[in-house]
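Coordinate inspection notes
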Amino acid sequence: MPGKLSSTSPTRFAYLGPEGTFAEAALRTAVASSEGARYPQPSVPAALAAVRSGDADAALVPMENSVEGSVPATMDGLADGRPLVITREVFLDVSFVLAVRPGTELADVRSLASHPHALAQTAGRLAELLPGVVPLPTSSTAGAAEAVAAGQYDAAVCAPIAAERYGLAALVEDVADRPGAVTRFVLVEPSGALPAPTGNDKTSLVAVVGDRTGALLDLLSEFAVRGISLTRIESRPTRERLGVYSFSLDCEGHVADRRVGEALAALHRVCDDVRFLGSYARADGRENKPVPGTAADAAFAEAEAWLAGIRAGASPG
Ligand SMILES: O=C(O)C(=O)Cc1ccccc1
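Residues numbered from 1 in each chain as written. Predicted model: local features only at pLDDT ≥ 70, side-chain atom pairs only at ≥ 80, totals over all residues. Heavy atoms only, no water.

For the record, the criterion: UniProt positions are given in the numbering used here, feature names are shortened, and annotations may be inferred rather than shown by experiment.
The name given to the protein in an unreviewed UniProt entry is Prephenate dehydratase, with Blastococcus deserti as the source organism. Listed under Pathway (unreviewed entry) in UniProt, the entry text for the protein is "Amino-acid biosynthesis; L-phenylalanine biosynthesis; phenylpyruvate from prephenate: step 1/1."

1. Things to note about the pairing of strand 5 (residues 84-93)
Stated formally: Only protein chains enter the accessibility calculation, which uses a 1.4 Å probe; a residue whose area is less than 20% of its type maximum is buried, one above 50% is exposed, and one in between is partly exposed. Secondary structure counts use DSSP, requiring at least four H or I residues in a row for a helix and at least two E residues in a row for a strand, with both numbered from the N terminus. Two strands pair if DSSP finds at least two bridges between them.
The buried fraction of strand 5 is high, at seven of 10 residues. Relative to strand 11 (residues 182-190), strand 5 runs antiparallel, the two being bridged by nine bridges. Following the sheet pairing, Leu84 is matched in strand 11 by Pro190.

2. Notes on the sheet that holds strand 7 (residues 112-114)
Test applied: Axis definition: a line fitted to C-alpha atoms, over the contacting stretch in the case of helices. Angles run 0 to 180 degrees between N-to-C directions. Note on definitions: a residue-residue contact is assigned when non-hydrogen atoms from the two residues lie within 4.5 Å.
Here we have five strands laid out as an open sheet, ordered 8-7-9-6-10, and mixed in their pairing. Across the chains shown, the open sheet's two edge strands, defined by having one partner strand only, are strand 8 (135-137) and strand 10 (169-172). For this sheet, the mean angle separating the axes of adjacent strands, direction not counted, is 35 degrees. Strand direction decides the pairing type here: strand 7 and strand 9 (residues 155-158), joined by two bridges, are parallel. Within the sheet, the bridge partner assigned to Leu112 lies in strand 9 and is Ala155. Of the strands in this sheet, strand 6 (97-100), strand 7, strand 8, strand 9 and strand 10 are in contact with helix 4 (residues 116-129), which crosses strand 7 at around 155 degrees.

3. Brief notes about the packing of aromatic side chains
Applicable threshold: Paired rings are identified among Phe, Tyr and Trp, the last through its six-membered ring, by centres lying within 6.5 Å, and are further divided according to the angle between planes into stacked (under 30 degrees), edge-to-face (over 60) and tilted (the rest).
If you walk through the whole model with that rule in mind, you get one aromatic pair. With centroids separated by 5.4 Å and ring planes inclined at 85 degrees, the aromatic side chains of Phe22 and Phe96 adopt a geometry described as edge-to-face. Here Phe22 is found in helix 1 (residues 22-30), whereas its partner Phe96 is found in the loop between strand 5 and strand 6, with 74 residues between them in sequence. Here the two residues Phe22 and Phe96 agree in accessibility, since each one is buried.

4. Side note on the domain arrangement of the protein
For the record, the criterion: Just so you know, the domain bounds were taken from an automatic or database domain assignment. Once two parts are brought into contact, the accessible area they lose, counted with a 1.4 Å probe and summed over both, makes up the buried area. For this document, the term salt bridge refers to a Lys or Arg side-chain nitrogen within 4 Å of an Asp or Glu carboxyl oxygen.
On domain assignment, one finds that the protein holds domain 1 (10-94 + 183-192), domain 2 (97-172) and domain 3 (194-317). Domain 1 and domain 2 are separated by 23 Å when their C-alpha centres are compared. With both chains or domains summed, domain 1 and domain 2 bury close to 1100 Å², and 62% of this area falls on carbon and sulfur atoms. Along the contact surface separating domain 1 from domain 2 lie one salt bridge.

5. A look at the UniProt feature "domain: Prephenate dehydratase" (unreviewed entry) in the protein
Summarizing the sequence annotation, UniProt attributes the feature "domain: Prephenate dehydratase" (unreviewed entry) to residues 12-190 in the numbering used throughout. A distance of 13 Å separates the end C-alpha atoms of residues 12-190, which is 31% helix and 32% strand.

6. Some remarks on helix 3 (residues 72-79)
Among all positions of helix 3, only Thr74, Met75, Asp76, Gly77 and Leu78 are buried. Downstream of helix 3 by one or two residues, Gly81 has phi in the positive range, about 80 degrees.

7. Section: the side chain of Ser204
Under the convention used in this document: Counted as a polar contact is a pair of N or O atoms within 3.5 Å, where, for protein atoms, one must be capable of donating a hydrogen and the other of accepting one, and residues adjacent in sequence contribute only when both atoms are in side chains.
On the secondary structure map, Ser204 appears in strand 12 (residues 201-208). The class for Ser204 is buried, based on a relative accessible area of 1%. Reaching out from Ser204, the side chain makes a polar contact with the side chain of Asp250 at a distance of 2.7 Å. In this view, Ser204 contacts Ile86, Arg184, Leu249, Asp250, Arg275, Phe276, Leu277, Gly278 and Tyr280; residues no more than four positions away in its chain are not counted.

This is how it looks when you write it as structure tokens:
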């Protein structure tokens, strides 16, 4: 693996590279350089593989965008393979420039490349600016900028900082169709890492439901009856056959909270498969909804004591 760090290094952070990606910007906002070394990877699967192999201690990868939705490589990379867990989420405002080699004008641009999410968020403007130019996907925005510098494409959609990093000129600034886009990144670590509850946490998981009537309703009910609010749910193909899906979701609360732990245990009973993807501090600037008194840890503890009493032969109270 290029640039592998020695095991005596401080924390080794893999990220979707090369230098100049939004993932790098997100990592810089989340982790001071004194806390570890940054370690660019050519793709999301490569960043996750670096953690699985032990070449990196953690990886920062894009999870979803407010305009374009989830990043399939991250969703599928976390759902399959050796288990990893999310220990942190990071939100980043993204804005794009159309970057070219200095001297290139719009009329010279015959090829254009970027990460599919960047292309999707700029499709309207690009069609106006460059009619007839078919955009090509790359594994990152900065990867496209690097390829433009190498003469592989005429233009890239990337962060202003990537244009600078690869000696390109920003021919058009702010090329997004909708201003204000936010991307959510996640820091993932080997399974077993579990940040302590903060009181405002989220839990992520993937559940495979059976091909039967009401299977998704059963899954949702386990959250609803315990007063747990979902913040995201989406289906992904399991790639086994059409008709079998996994549901990737985030809910409010920490696995250490009784209601969340019991919901997870219930899913383990009612779903074909459940993978815990981590509990971590909520970082979108919003507060979890108030927990009904009947779903608080104290209510679970009281009910458990009551049941234990019955089982021990105490007179029903
Ligand atoms: O390619 C990048 O720079 C990334 O970090 C992925 C991405 C792509 C488009 C918008 C946000 C994040």
